[in-house]
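Spelled out from the first residue to the last, the chains are:
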Amino acid sequence: MNDTARNPPPADTLPSPHRLQTRAGTLEYTLSGTGAATVVLLNGAGVTLEGWRLLYPAIEDMAKVFAWNRFGVRGSDAPRLAQSGAVVLASLRELLSYAGLQAPYVLVGHSLGGLYANLFARLYPQEVAGLMFLEASHPRDHEVLPQHETQLTRAISKVLALPQRLFSANLHAEIESAGYLAHEIASAGPFPAIPVCVVTGARNPPQWLMSPAARRARQLHQRELVQMSPHGEQVIAHGSGHFPQLTEPAVVLQALKGLIERST
């Protein structure tokens, strides 16, 4: 891959956000781009829309692109109800409908967002054309990976250039929900035979943050995500850790382009 592909020109700013009133409160989202496909971006725990910024504007040439902040995340209302996976996805589907977007969608789930995407595909298989697991959580990750919340809070603050007070409380709540979300996935229907792309960062966190055994378990879980569908493939982001969309956006964009082509 040449330097231009690995390091694309600086991206424009994100599209201007909108806010819509749903039955459970007001949610913030962006909608832009053109194309036959509709891509839905699902943030990681505590991460705002800013976590996708380096994919723009190139991603807008591939599809209609919808990104949103869950309840409790900056720009959206605080949650009124316990945010189970089913509740979160009900709000998302309501928001997609209000925004005039029709299924099927290509889902892109980063980190914890991968669990929501996983559940979405099982509960509403006819509404999902393809799915990208972007450094995504596996339902069993919470059993073997230590949740270093303080370090994660600092990392997100640095990545998004936001004060920790703006997201730390919601980050804690979302991390706490991962176990129950995994239970919801186990109780849902089978994963559909749709095109799947698993993008995995090759750079390991330091040993004090993740033991060698935990790293091996996570690598196994990433391969299991690929194997959930007979149409699964894995892309290794060799220069990335947990945020390939920020460290190697060109790799993510190329993988997404291929996924869209396989999904439409």
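Predicted model, so just to flag it, every value in this text is computed and none were measured.

For the rest of this paragraph, the subject is the overall build of the protein chain. Counting its secondary structure elements, the protein chain contains 9 helices and 8 strands. Here the protein chain holds 264 residues, and 53% of them are scored as buried.

A word on the nonpolar core. Looking at soluble globular proteins, one finds that nonpolar side chains tend to be buried together. The biggest cluster of nonpolar side chains holds 39 residues, and the ones touching the most others in it are F66, W68, L92 and L107. Looking at this core, the element that brings in the most residues is helix α3 (residues 112-123), giving 7 residues.

As a further point, take the pattern of salt bridges. Taken as a whole and judged by the stated rule, the model has 6 salt bridges. The partner of R23 in a salt bridge is E94, with the nearest N and O atoms 3.9 Å apart. Placement of the pair is R23 in the loop between β1 (18-22) and β2 (25-32) and E94 in helix α2 (residues 85-98), with a sequence separation of 71 residues. Residue class for R23 comes out exposed when judged on its relative accessible area of 69%. Under the relative-accessibility criterion, E94 is labelled buried at 8%. Of the charged contacts, one joins E233 and R262 as a salt bridge, the two residues approaching to 3.7 Å between their closest N and O atoms. Pair noted here: E233 is in strand β8 (residues 232-237) and R262 is in helix α9 (residues 249-263), with a separation of 29 residues, a long-range link.

All right, on to the packing of α2 against α3 then. Running from amino to carboxyl end, α2 crosses α3 at an angle of 75°, the nearest separation of the two axes being 10 Å. Relative to α3, the element α2 is oriented roughly perpendicular. Where α2 abuts α3, its residues G85, A86, V88, L89, L92 and R93 lie against Y116, L119, F120 and L123. Of the residues contributing to the contact of α2 with α3, the split by class is 8 nonpolar, 1 polar and 1 charged.

In this section: unusual backbone geometry. Y56 connects to P57 through a cis peptide bond whose omega is 0°. The topology assignment puts P57 in the loop between β3 (38-42) and β4 (64-69). Omega for the bond connecting A103 with P104 falls within 30 degrees of zero, at 10°, which places this linkage in the cis form. In this fold, P104 is placed in the loop between α2 and β5 (105-110). A positive phi is found at S111, a non-glycine position, where the angle reads about 55°. Structurally, the position occupied by S111 is in the loop between β5 and α3. Given a relative accessible area of 12%, S111 falls into the buried group. Positioned with a positive phi, E135 is a non-glycine residue whose angle comes to about 45°. Residue placement: E135 occurs in the loop between β6 (128-134) and α4 (141-144). We classify E135 as buried; its relative accessible area is 4%.

How each quantity is defined
Residues numbered from 1 in each chain as written. Predicted model: local features only at pLDDT ≥ 70, side-chain atom pairs only at ≥ 80, totals over all residues. Heavy atoms only, no water. Helix = DSSP H or I, 4+ residues; strand = E, 2+ residues; numbered from the N terminus. Buried < 20%, exposed > 50% of the residue type's maximum accessible area, 1.4 Å probe, protein only. Core = buried A, V, L, I, M, F, W, Y, C linked by side-chain atoms within 4.5 Å. Salt bridge = Lys/Arg side-chain N within 4 Å of Asp/Glu carboxyl O. Axes fitted to C-alpha atoms, helices over the stretch in contact; angles between N-to-C directions. Parallel < 35°, antiparallel > 145°, perpendicular 65-115°, else oblique. Contact = heavy atoms within 4.5 Å. Nonpolar A, V, L, I, M, F, W, Y, C, P; charged D, E, K, R; others polar.

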